Amino acid sequence: MRYYPIFFFFLLPLSANENPAQLYLKNACNACHGMYGEGIGASPRLQGQKEGILLKKLKELKKGKTRTAFGNIMISFAKGLNEDQTIAMAKYLSTLKRTEQKEIYELEYDDNAGDGSS
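Residues numbered from 1 in each chain as written. Predicted model: local features only at pLDDT ≥ 70, side-chain atom pairs only at ≥ 80, totals over all residues. Heavy atoms only, no water.

**A short note on the packing of helix H3 (residues 51–62) against helix H5 (residues 83–95)**
Between H3 and H5, whose axes approach to 8 Å, the crossing angle comes to 140 degrees. Put simply, H3 runs oblique to H5. Helix-helix and strand crossings are classified by hand; for H3 and H5 the assignment is right-handed. On the side of H3, the interface is formed by Glu-51, Leu-54, Leu-55, Leu-58, Lys-59 and Lys-62, while H5 contributes Glu-83, Thr-86, Ile-87, Met-89, Ala-90, Lys-91, Leu-93 and Ser-94. Taken together, the residues of the contact of H3 with H5 break down into seven nonpolar, two polar and five charged. (Axes fitted to C-alpha atoms, helices over the stretch in contact; angles between N-to-C directions. Helix = DSSP H or I, 4+ residues; strand = E, 2+ residues; numbered from the N terminus. Parallel < 35°, antiparallel > 145°, perpendicular 65-115°, else oblique. Left-handed = near helix turned anticlockwise from the far one by under 90°. Contact = heavy atoms within 4.5 Å. Nonpolar A, V, L, I, M, F, W, Y, C, P; charged D, E, K, R; others polar.)

**Section: the nonpolar core**
Among the nonpolar cores identified, the biggest contains 13 residues, and Tyr-24, Leu-46, Leu-54, Met-89, Ala-90, Tyr-92 and Leu-93 are the most heavily contacted of them. With four residues, the top contributor of residues to this core is H5. In this structure, Tyr-24 is in contact with Cys-29, Asn-30, His-33, Gly-34, Met-35, Gly-37, Leu-46, Met-89, Tyr-92 and Leu-93, ignoring residues within four places of it in sequence. (Core = buried A, V, L, I, M, F, W, Y, C linked by side-chain atoms within 4.5 Å. Buried < 20%, exposed > 50% of the residue type's maximum accessible area, 1.4 Å probe, protein only.)

As far as function goes, none of this settles anything; it's purely spatial.
Here it is in structure tokens:
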């Protein structure tokens, strides 16, 4: 029997003075899209996307429109943003960039570790 993890997402009350970076973390966007919007698994990459495209996508989600099954999760998040927060979030997401940190796989893989056969 296979077990699949069940995720429960709760929208947290949004404060008018929160910046988009705080909203991104508070609403656990990083859980699916990554700390830098790089995308994880089926969740799309947000970093490097144009602000206008991100804004259009967020507005479509607010209206309940999505093209993927995974997009259904995003509808409730998008509906939790007011108009100013939606615009600010699109602007913020368009500025996300990868830091100079090594990729996670580079950190986990050690050339000197051997293959474990000795």
